[in-house]
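Each chain is listed here by its residues.
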Amino acid sequence: MPEVEIMIGGRAFEVACQEGEEHYLHAAATMLDSEASVLTEQIGRLPEARMLLMAGLMLADKTAGVEDKLKAMQGRMQELESEVEQLRNRPAPEPERIEVPVVPESVTETMAELAARAEALAAEVEEKLGTEG
């Protein structure tokens, strides 16, 4: 079991840890040292036990805040996952029917016949006017 020296509040401590856990121990010690430094700057030198207790409580307070935020985020994530699941399970909307007016072929043919008759009548009228004039 490795022995690791950590610094907290300007004081050295020898701590044993599991093989491969040294990195985590150093990270935790850095966090605790950061809180101890804040205390030392604000209050001055404290007895070792009191400094460690206060720094630990400050970290615990931060941790509790993070845990509250995490729970709120997990709740929100569950809401969103539920909403996504509802959207996935909802039947697809019916396709929107759009009607485009189409002139039936019979009407088109009738209109063409009427146009042809009107042109023929116009031609007759022009011919009669041309011969009378």
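For the structure itself, look to the data block above.
In this report, we go over the structure that sits alongside the text. (Residues numbered from 1 in each chain as written. Predicted model: local features only at pLDDT ≥ 70, side-chain atom pairs only at ≥ 80, totals over all residues. Heavy atoms only, no water.)

1. Focus on the side chain of glutamate 35
The following threshold applies: For helices the rule is a DSSP run of H or I covering at least 4 residues; for strands it is a run of E covering at least 2, with both sets numbered from the N terminus onward. The criterion used for residue contact is that any of the two residues' heavy atoms lie within 4.5 Å.
Here glutamate 35 shows up in helix H1 (residues 22-43). Setting aside its immediate chain neighbours within four residues, glutamate 35 contacts Ala55, Met58, Leu59 and Lys62.

2. A word on the packing of H1 against helix H2 (residues 48-89)
Put simply, the test is: For helices, the axis comes from a line fit to the C-alpha atoms of the stretch in contact; other axes are also lines fit to C-alpha atoms, and the angle between any two N-to-C directions lies between 0 and 180 degrees. Geometric relationships in this document are graded by angle, where less than 35 degrees denotes roughly parallel, more than 145 denotes roughly antiparallel, 65 to 115 denotes roughly perpendicular, and other angles denote oblique. Crossing handedness: left-handed means the near helix sits turned counterclockwise from the far one by under a right angle, and right-handed means the same turn made clockwise. Each residue gets one of three labels, nonpolar for Ala, Val, Leu, Ile, Met, Phe, Trp, Tyr, Cys and Pro, charged for Asp, Glu, Lys and Arg, and polar for the others, Gly among them.
Viewed as axis vectors pointing N to C, H1 and H2 meet at an angle of 115 degrees, and their least axial separation amounts to 9 Å. One finds that H1 runs roughly perpendicular with respect to H2. Seen from above, H1 lies across H2 with right-handed handedness. Between H1 and H2, the contacting residues are Met31, Leu32, Glu35, Ala36, Val38 and Leu39 on the first element and Met51, Leu52, Met54, Ala55, Gly56, Met58, Leu59 and Lys62 on the second. When the residues that make up the contact of H1 with H2 are grouped by side-chain class, the tally is eleven nonpolar, one polar and two charged.

3. Observations concerning the environment of valine 102
Cut-off, in case you're wondering: Any residue under 20% of the maximum accessible area for its type is buried, any over 50% is exposed, and the rest in between are partly exposed; the area is computed with a 1.4 Å probe on protein chains only.
Mapped onto the elements of the fold, valine 102 is located in the loop between H2 and helix H3 (105-132). Take valine 102: its relative accessible area is 66%, and that puts it in the exposed class. Considered as a pair, valine 102 and lysine 128 are 26 residues apart in the sequence and their alpha carbons are 39 Å apart.

4. Structural notes on the side chain of arginine 11
Threshold: We score Asp and Glu as negative and Lys and Arg as positive, and we do not count His or the chain ends. One speaks of a salt bridge when a side-chain nitrogen belonging to Lys or Arg is within 4 Å of a carboxyl oxygen belonging to Asp or Glu.
Take arginine 11: it is sitting in strand S2 (residues 11-16). Here arginine 11 is buried and forms no salt bridge, its nearest opposite-charge partner glutamate 48 lying at an N-O distance of 4.7 Å. Once you skip the residues sitting within four places of it in the chain, arginine 11 turns out to touch Ile6, Arg45, Leu46, Pro47, Glu48 and Met51.

5. Some remarks on H1
Filter applied, for reference: In a helix, the anticipated span is given by 1.5 Å times the number of residues less one. Think of it as the arc spanned by the lines of direction from the helix axis to the C-beta atoms.
With 22 residues, H1 extends 31 Å between its outermost C-alpha atoms, agreeing within 8% with the 32 Å of an ideal straight helix rising 1.5 Å per residue. Within the span of H1, buried status applies to Leu25, Ala29, Leu32, Glu35, Ala36 and Leu39. Along H1, the residues classed as buried sweep out an arc of 125 degrees about the axis, all on the same side. Along H1, the residues that are exposed and aim more than 90 degrees away from the buried face are His23, Thr30, Glu41 and Gln42. Where H1 is buried, its residues contact strand S1 (3-8), S2 and H2.

6. Looking at the nonpolar core
Spelled out, the test is: By nonpolar core is meant a set of buried Ala, Val, Leu, Ile, Met, Phe, Trp, Tyr and Cys residues that side-chain atoms within 4.5 Å join together.
Formed by 14 residues in total, the largest nonpolar core has its most connected members in Ile6 and Ile8. Taken together, the elements giving at least two residues each to this core come down to S1, H1 and H2. A per-element tally of this core places H1 first, with five residues. Among all residues touching isoleucine 6, those that are not within four sequence positions of it are Arg11, Ala12, Phe13, Val15, Leu25, His26 and Ala29.

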